[in-house]
Amino acid sequence: VPLAPGDSATFTFSLGVQQPALRAAGFDESLAANGSFLINTRIFPWPGFNRGYEVDDSYERRRLGLPVPAPADRVALSWITFETTVSTSGDQLAIAPGTLEREWEQGGRRYFHYRSGAPMVNWFAFASARYAVKKVVHDGVAIEVYYHPAHSANIDRMIAATATSLDLFGAGFGPYPHPELRIVEVPSTWQMGAAVAFPGTIFFVEDRGFLTDARDSSRLDIVTRRVAHEVAHEWWGMQLSPAAAPGATMLVESFAKYGEQRVLAATHGEGMVEELMSYDQDRYLSGRTGAEESEVPLTPGHRRIVALLRQGWRGHERAAGTGGTGGARSVTPAVAAGAWRARWPRHHRRLPRHPA
Ligand SMILES: [Zn+2]
């Protein structure tokens, strides 16, 4: 029976992971005996066309006779309601989006039932490991850090950065939509960059946050910077999900970069923002060294806000938000607040929300 518009259906599937006994490289360590990290876009069936699987290497596209660069620089995520029950080994904690409604044990395994009270973008992950937990309630939001028990050095700094970020972004952009915000440590074998934000949950690679030596107060506080960046994505990316169109990366990454500046200034003073600028300038210039395509200015009238659209190297795009040829001071509090208010037209306050 064909599915009518607006209709729904139940889709049942089971999934297994097969690990070949021998291989030279490209090990999949997302599922391991002492911990697992599974991202929905990689493990779940994806009905319809997934733009994220398009060839994005420009040389390869030329070779295949495809238009260069690829038509859009990111995938517009749909909005979902979310509820899940996860079971895991008896000695592990399982994490998923939403509020933990119930937790129980059965047959030597632990079960966790999560439900998200607010609509969220279709971008989520499951993690399970032998975590230690530190929890602080800040202004009604439970800040929870899940970490390897031996990796506790930066946890208070991460919690403080999360609290400052929630305060500043909540005041500047609008309320944080979930009752909790989790920061979850994952091993460095999961090569996804330093950290990644999902609705209400931020995953940090162990050596890019938890194990960073942040004791020298004269240096750029990159732990606070990374936390602020990812918490900013709880607005820019998780609440605002741009259309797959030129400029999408700027809406998400440049404003997250702006968030870093405000949190660092609030924590260490405006001088630290200068440190951040030169740090980002270096990242931007080294990113350009390997760039295959020329920079695409956002619009002729906004040349100072340069977003490197359609480039594969994402650190490059992010750095363009503050550093580079001078995105630096273009994002001001007024620009950020204005962009947030304009994120979708008033008559579209409800779904869908994919501003372009
Ligand atoms: Zn980012």
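In what follows, the structure referred to is the one given above.
Since we're looking at a predicted model, the values are computed, not measured.

Asker: Provide a residue-level description of the overall build of the chain, including the pertinent values.
Answerer: Of the regular secondary structure elements, the chain holds eight helices and 14 strands. By residue count, 48% of the 356 residues in the chain fall in the buried class. When the accessible area of the chain is evaluated, it comes to approximately 18100 Å², of which 53% is carbon and sulfur surface.

Asker: With reference to specific residues and values, describe the sheet that holds strand β1 (residues 31-32).
Answerer: Paired through their backbone hydrogen bonds, the strands of a sheet run either parallel or antiparallel. The four strands lie next to each other as β1-β2-β9-β5, forming an open sheet whose pairing is antiparallel. Bordering the open sheet on either side are β1 and β5 (93-95), each of which pairs with just one other strand. Of the strand pairs in this sheet, β5 and strand β9 (residues 125-129) are connected by three bridges, and their pairing is antiparallel. Bridge pairing in β9 links isoleucine 95 to alanine 127.

Asker: With reference to specific residues and values, describe the sheet that holds strand β7 (residues 109-115).
Answerer: In space, the three strands of this open sheet follow the order β4-β7-β6, with antiparallel pairing throughout. Of all strands in the sheet, those bounded by a partner on one side alone are β4 (83-89) and β6 (99-106). The average angle at which neighbouring strand axes cross in this sheet is 20°, direction not considered. Inspection of the sheet shows β6 paired to β7 by seven bridges, in the antiparallel sense. For tryptophan 104, the partnering residue across the bridge sits in β7 and is tyrosine 111.

Asker: Run through the coordination of the zinc ion, naming residues and quoting values.
Answerer: Expected angles at a metal are 109.5 degrees for tetrahedral coordination by four donors and either 90 or 180 degrees for octahedral coordination by six donors. Listed as protein donors to the zinc ion are His229 (NE2), His233 (NE2), Glu253 (OE) and Glu253 (OE); their distances from the metal cover 2.0 to 2.8 Å. One way to put it: the four donor atoms around the zinc ion meet at angles of 51 to 149°, and that makes the site irregular.

Asker: I'd love a proper account of the packing of helix α3 (residues 155-173) against helix α4 (residues 222-233), names of residues and values included.
Answerer: Put simply, α3 and α4 touch, their axes get as near as 9 Å, and they point 40° apart. In terms of orientation, α3 and α4 fall into the oblique class. For the element pair α3 and α4, the recorded crossing hand is right-handed. Across from Arg157, Met158, Ala161, Thr162, Ser165, Leu166 and Phe169 in α3, the residues of α4 making contact are Val223, Thr224, Val227, Ala228, Val231 and Ala232. Grouping the constituent residues of the contact of α3 with α4 by class yields nine nonpolar, three polar and one charged.

Asker: Quick rundown of the pattern of salt bridges? Include the residues and the values.
Answerer: Taken as a whole, this structure holds twelve salt bridges when the rule is applied. A salt bridge links arginine 115 to glutamate 101, with the nearest nitrogen and oxygen atoms 3.5 Å apart. Within this pair, whereas arginine 115 is found in strand β7, its partner glutamate 101 is found in strand β6, the two being separated by 14 residues in sequence. Of the residues examined, glutamate 101 reaches a relative accessible area of 43% and is grouped as partly exposed. Of the charged contacts, one joins arginine 262 and glutamate 270 as a salt bridge, the two residues approaching to 3.2 Å between their closest N and O atoms. In the salt-bridge network here, residues are joined through shared partners; they are Arg225, Lys257, Glu260 and Asp280.

Asker: So, a nonpolar patch on the surface: which residues are in play, and what are the values?
Answerer: The grouping of Phe11, Phe13 and Leu15 at the surface amounts to a nonpolar patch, some 330 Å² of accessible area in total. On the secondary structure map, phenylalanine 13 appears in the segment before β1.

Asker: Tell me about the side chain of histidine 233, and name the residues and values.
Answerer: With respect to the helices, strands and loops of the structure, histidine 233 is situated in helix α4. Within the structure, the side chain of histidine 233 is placed 2.8 Å from the backbone oxygen of tryptophan 236, a separation counted as a polar contact. Ignoring sequence-local partners within four residues, the contact set of histidine 233 consists of Ala197, Met238, Val252, Glu253 and Ala256.

Asker: Residue-level account of the packing of aromatic side chains, with values.
Answerer: Here the structure, examined in full by the defined rule, presents 17 aromatic pairs. Look at phenylalanine 11 and phenylalanine 13: their rings are 5.5 Å apart centre to centre, the planes differ by 40°, and that puts the pair in the tilted class. Note on phenylalanine 11: relative accessible area 56%, which makes it exposed. Between the aromatic rings of tryptophan 236 and phenylalanine 255, the centroid separation amounts to 4.4 Å while the plane-to-plane angle is 20°, which identifies the pairing as stacked. A residue pair is termed long-range when its members are at least 10 positions apart, and tryptophan 236 in the loop between α4 and α5 (248-268) and phenylalanine 255 in helix α5 qualify at 19 residues. Both residues of the pair, tryptophan 236 and phenylalanine 255, count as buried.

Rules of the game
- Counting restarts for each chain, with residues numbered from 1 along the sequence as it is written.
- Only residues with pLDDT of 70 or above have their local features reported here, since the model is predicted, and side-chain atom pairs are shown and tallied only from 80 upward, although totals for entire chains, interfaces and linings are computed over all residues.
- Think of the side-chain values as coming from all heavy atoms in the structure, minus any hydrogens and water.
- Going along the chain from the N terminus, every DSSP run of H or I of four or more residues is numbered as a helix, and every run of E of two or more is numbered as a strand.
- Whether a residue is buried, partly exposed or exposed follows from its accessible area with a 1.4 Å probe, protein chains only, as a fraction of its type maximum: under 20%, in between, or over 50%, in that order.
- Using the Shrake-Rupley algorithm and a 1.4 Å probe, accessible areas are obtained, with residue cover drawn only from the displayed protein chains.
- When DSSP finds two or more bridges between two strands, those strands count as paired.
- To get an axis, fit a line to the C-alpha atoms, keeping to the stretch in contact for a helix; angles then go from 0 to 180 degrees between the N-to-C directions.
- Any nitrogen, oxygen or sulfur atom within 2.8 Å of a metal ion counts as a donor, with the limit raised to 3.2 Å for Na, K and Ca, and since water is left out, coordination shells can look unfinished.
- Key to geometry: four donors with every angle between 85 and 135 degrees are tetrahedral; four donors are square planar and six octahedral where opposite donors lie over 155 degrees apart and all remaining angles lie between 65 and 115; all other sites are irregular.
- For classification purposes, angles smaller than 35 degrees are called roughly parallel, those larger than 145 roughly antiparallel, those between 65 and 115 roughly perpendicular, and all remaining angles oblique.
- Left-handed describes a crossing in which the near helix is turned anticlockwise from the far one by less than a right angle; the clockwise case is right-handed.
- Any two residues whose heavy atoms approach within 4.5 Å at even a single point are treated as in contact.
- Classification used: nonpolar for Ala, Val, Leu, Ile, Met, Phe, Trp, Tyr, Cys and Pro, charged for Asp, Glu, Lys and Arg, polar for all others including Gly.
- Salt bridge criterion: a side-chain nitrogen from Lys or Arg within 4 Å of a carboxyl oxygen from Asp or Glu.
- To count toward a patch, a residue needs a relative accessible area above 30% and no salt bridge. Like charges then connect within 9 Å, nonpolar side chains (Val, Leu, Ile, Met, Phe, Trp, Tyr) within 5 Å.
- Here a polar contact is taken to be a pair of N or O atoms separated by no more than 3.5 Å, where protein atoms must pair a possible hydrogen donor with a possible acceptor and residues adjacent in sequence count only if both atoms sit in side chains.
- Stacked, tilted and edge-to-face are the three classes applied to pairs of Phe, Tyr and Trp rings, where Trp contributes its six-membered ring and a pair requires centres within 6.5 Å; stacked means planes under 30 degrees apart, edge-to-face means over 60, and tilted covers the rest.

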